[in-house]
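In case you want the letters, here they are:
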Amino acid sequence: MALHHENSKTRRKEKEIEQEHAERNAQLWDRRAETYDEQRFDYLRQMQMQLLGKLPLAPGQAVLDIGTGTGWAVRRMAAMLDQQGQFYGIDLAAGMLARAAAQSTAYPTAHFARANAEALPFRSGTFDLLICTNSFHHYLHPAQALAEMRRVLRPGGRLYLGDVTSDSLLGKTLDWRARRREPEHVRFYNTGEYQRLFAAAGLSYQPAPSGLWVFKIHVGEKEKEKDSTTL
Ligand SMILES: C[S@@+](CC[C@H](N)C(=O)[O-])C[C@H]1O[C@@H](n2cnc3c(N)ncnc32)[C@H](O)[C@@H]1O
């Protein structure tokens, strides 16, 4: 009985921490929404461009951008495929999503929803491709987020995750600095950690060179369905 009580107390505490972290992120990014698309932040779009350049995009696909911010990549992908497909973006911050929607009125195949990356509001097997840029380091439970990403991918579908990666001294320093100064930051991971996290989530891992040094792209593929006709 006492053990059960302790367990439910611990679980309640964990829930409070999760809620506080999500609220902190949402509030902070709501405040940043108004200036996020200014030219001084174009380096963020450059990173997204690097990642979009690697995608095996094809007309008719369903694509999801996790932690989409103001939805720049969603619009870009819709334009790249001449609107042929369905392009979704989710984010925790209502302010970012309001800007995303306001800028996407000419994109009928772009859709946005408020959601946590750790609990994606989509059926299993919905998406051909997932992207996630400069957002993963905010997630309190990275393994849970990756499990959700794998779940919503169709068999053979791929995740393209781009983020500062702490392989180099600069990457480690940026992580140390962000942990001290940015309460919404959780961690930058190194390539070995990404490999282990992807493997634990059931995604086969491949690197994809980005050319932008500390910003690295990590690709995970969900296994294809076994062909029942082969012996
Ligand atoms: C630095 S911005 C990146 C936006 C965009 N992906 C880009 O590359 O410019 C980080 C975004 O991640 C979102 N975010 C943070 N934690 C999240 C979570 N757990 N679930 C969904 N979005 C989250 C924030 O609200 C913010 O819009």
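Analysis parameters
- Residues numbered from 1 in each chain as written.
- Predicted model: local features only at pLDDT ≥ 70, side-chain atom pairs only at ≥ 80, totals over all residues.
- Helix = DSSP H or I, 4+ residues; strand = E, 2+ residues; numbered from the N terminus.
- Rg over C-alpha atoms; globule rule 2.2 N^0.38 Å.
- Near = placed C-beta within 6 Å.
- Nonpolar A, V, L, I, M, F, W, Y, C, P; charged D, E, K, R; others polar.
- Buried ≥ 20, exposed ≤ 12 C-beta atoms within 10 Å, placed from the backbone.
- Pairing = 2+ DSSP bridges.
- Axes fitted to C-alpha atoms, helices over the stretch in contact; angles between N-to-C directions.
- Parallel < 35°, antiparallel > 145°, perpendicular 65-115°, else oblique.
- Left-handed = near helix turned anticlockwise from the far one by under 90°.
- Contact = placed C-beta atoms within 7 Å.
- Core = buried A, V, L, I, M, F, W, Y, C linked by C-beta atoms within 7 Å.

Broken down by element type, the chain carries seven helices and seven strands. Taken from the N to the C terminus, the helices and strands of the chain come in the order α-α-β-α-β-α-β-β-α-β-α-α-β-β. A globule of 231 residues ought to have a C-alpha radius of gyration of about 17 Å, and the chain, at 18 Å, matches this closely. Taken along the three principal axes of its C-alpha coordinates, the chain extends 60 × 55 × 35 Å.

In this section: the environment of tryptophan 213. Mapped onto the elements of the fold, tryptophan 213 is located in the loop between β6 (203–212) and β7 (215–222). When the C-alpha positions of tryptophan 213 and aspartate 167 are compared, they lie 9.9 Å apart, and in sequence the two are 46 residues distant.

A few words now on the site of the ligand. Contacts to the ligand come from 19 residues, most closely from Trp29, Gly67, Gly69, Thr133 and Ser135. At the level of secondary structure, the elements contributing two or more residues to the shell around the ligand comprise α1 (2–32) and α2 (42–52). For the shell around the ligand, the residue count by class is seven nonpolar, ten polar and two charged.

On to the pairing of β7. Within β7, seven of the eight residues are buried, leaving the element largely enclosed by the surrounding structure. Sheet topology note: the strand β5 (residues 153–164)/β7 ladder contains seven bridges and is antiparallel. Its bridge partner lying in β7, valine 164 is registered against phenylalanine 215. Linking two consecutive strands that pair antiparallel, namely β6 and β7, is a turn of two residues; a positive phi of about 55° is found at tryptophan 213 within it.

What follows covers the packing of α2 against helix α3 (residues 72–80). For any two helices packed against each other, the geometry is given by the interaxial angle and the distance between the axes. Across the interface, α2 lies against α3 with an axial gap of 11 Å and an inter-helix angle of 40°. Overall, the two elements α2 and α3 adopt an arrangement that is oblique. Regarding α2 and α3, the two cross each other, and that crossing is right-handed. The residues of α3 that touch α2, namely those facing Arg45, Gln48 and Leu52, are Trp72, Ala73, Arg76 and Met77.

Position of leucine 51 relative to the elements: it lies in helix α2. Ignoring anything within four residues of it in the chain, the contact list for leucine 51 reads Ile131, Thr133, Tyr160, Gly162 and Ile217.

Leu64, Leu130, Met149 and Leu159 are the most contacted members of the largest nonpolar core, which has 43 residues in total. Excluding its chain neighbours within four sequence positions, the residues that come into contact with leucine 159 are Leu130, Met149, Leu153, Leu203, Val219 and Gly220. Core analysis: the next-biggest nonpolar cluster, separate from the first, contains eight residues, Trp29, Leu92, Ala93 and Met96 among them.

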